[in-house]
Amino acid sequence: MKKNILFLLMGACMLLSCSQKERYSDAQLFGYDDFEAEIQLKGKVLEFDDLIMNPGALQVYDSILVTLEYGGEQICNVYNLNTKKKIGARLTRGQGPDEMVMPQFIDNDGSCIQIIDMATSVIYKYNLADFIENPEPKPVSKAKLEENISSGMQMLGDNVIGYPYFKEHQLYVFDMSGKKINEFADFPTSTIDYTDMERTDAYYMGFASNNIDRVAICYYMTDLIDIYDSTGKLRKRMHGPEQFFSYFEEVHDAGGVTSKPVRGKNRDAYFAPRSGGDKLFVLYNGGYVDEKEHSPFCKKMFSFSWEGTPQNIYILDDPIFTFCVDKKKRKIYGLSNVPENHIIEYTY
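Our subject in this report is the structure included herewith. For clarity, every value in this text was computed on a predicted model and none was experimentally measured. (Residues numbered from 1 in each chain as written. Predicted model: local features only at pLDDT ≥ 70, side-chain atom pairs only at ≥ 80, totals over all residues. Heavy atoms only, no water.)

In this section: unusual backbone geometry. A cis amide bond, omega 10°, links Gly240 with the succeeding residue Pro241. Tracing the sequence through the fold places Pro241 in the loop between β19 (234–239) and β20 (248–253). Its identity as a non-glycine residue notwithstanding, Asp98 has a phi of 60°, on the positive side. Inspection of the secondary structure puts Asp98 in the loop between β7 (85–92) and β8 (103–107). Looking at Asp98, the relative accessible area reads 22%, which means it is partly exposed. Residues other than glycine seldom take positive phi values, yet Ala272 does so here, at roughly 50°. (Helix = DSSP H or I, 4+ residues; strand = E, 2+ residues; numbered from the N terminus. Buried < 20%, exposed > 50% of the residue type's maximum accessible area, 1.4 Å probe, protein only.)

So, in structure tokens, the structure goes:
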């Protein structure tokens with residue numbers, strides 16, 4: 001009799017442990033049914049009078065499209081969206097005066113062009129008209145950041161914010177002189193017990209700002225979004241639409257301590273969050289990264305309010321890996337390289 005009771009208790013414990021799912025602290029769950037609508041978008045491939053080279057990012061300024069190139073001597077190409085003509089190439093890759101090695105756009109209100117060189121931590125600001133018209137534009141200002149960051153930057157009010165890898169907080173705040181004035185955004189807490197290195201890689205992310213008072217952190221390998229205000233207060237943590245997690249294991253070798261994703265368990269989540277003015281746009285993937293036919297290109301784009309309310313699901317007929325938004329004309333310009341590099345225009 002005692003043996004039967006012991007077996008029953010063991011079975012109950014096993015059932016209980018299997019039913020206890022992983023979860024985030026203070027996260028509100030949402031699913032596909034919480035969006036207001038699902039909208040099919042048909043894209044138009046833009047045909048310019050010159051080949052699209054190898055862009056990794058793009059920005060739109062009214063009728064002007066500027067691409068940021070992965071390789072080559074010239075950093076940017078400038079196109080006229082009305083005439084579909086290439087205006088020219090701008091800026092030089094290198095280590096000379098006003099040259100850059102690892103440039104990335106800083107999204108702003110569209111009144112100027114801002115680029116940060118990740119290799120030197122210098123922010124360059126250009127007059128928009130001069131950048132368009134002058135083959136060799138000169139920066140109107142430069143600012144060296146007090147501390148290094150690891151990915152792109154965003155405007156937040158009168159300051160800029162950036163992501164430092166393997167630090168206590170996920171975002172640093174700098175004034176326009178480059179002085180660090182704040183840091184915020186704790187790493188999410190969950191039932192998964194990460195080491196410091198595993199946690200940093202498990203929560204690798206992209207972020208976007210409404211340029212005023214909201215920041216959205218969108219994680220690459222767990223479908224989690226955190227909304228912060230400009231004071232660094234967490235306003236909302238949202239887990240969905242499929243509620244999956246990121247799994248990493250720490251690795252010790254001659255090169256030091258790193259971590260690697262656990263095979264067969266990880267999925268691609270959110271990519272390329274962008275401000276759409278009064279809303280947040282972000283690409284969503286959801287596929288398992290180890291699947292044979294997995295593609296990093298995204299067929300789905302979500303929109304949310306800056307308070308974290310799900311709005312629309314957009315189904316893209318031509319998958320993309322990054323994009324920019326023309327808020328006034330309600331246009332989305334996306335990048336794809338299947339079967340070759342091209343720029344796609346969507347109207348939302």
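The element strand β5 (residues 64–69) is largely enclosed, with a buried count of 6 among its 6 residues. Burial along β5 is two-sided: the residues Ile64, Val66 and Leu68 and Leu65, Thr67 and Glu69 are all buried. Relative to β5, strand β4 (residues 55–61) runs antiparallel, the two being bridged by 6 bridges. Counterpart to Val60 in the pairing with β5 is Leu65. Remark: 2 residues form the turn of the hairpin made by β4 and β5, two consecutive strands paired antiparallel; Asp62 in that turn has positive phi of roughly 60°. (Pairing = 2+ DSSP bridges.)

A word on the nonpolar core. In terms of nonpolar packing, the biggest core is built from 24 residues, with Leu171, Phe184, Met205, Phe207, Val215 and Ile217 touching the most fellow members. Considering each element in turn, this core owes the most residues, 3 residues, to strand β17 (residues 214–219). With residues near it in sequence (within four places) discarded, Ile217 still touches Gln170, Leu171, Ala185, Met205, Gly206, Phe207, Leu224, Ile225, Asp226 and Tyr228. (Core = buried A, V, L, I, M, F, W, Y, C linked by side-chain atoms within 4.5 Å. Contact = heavy atoms within 4.5 Å.)

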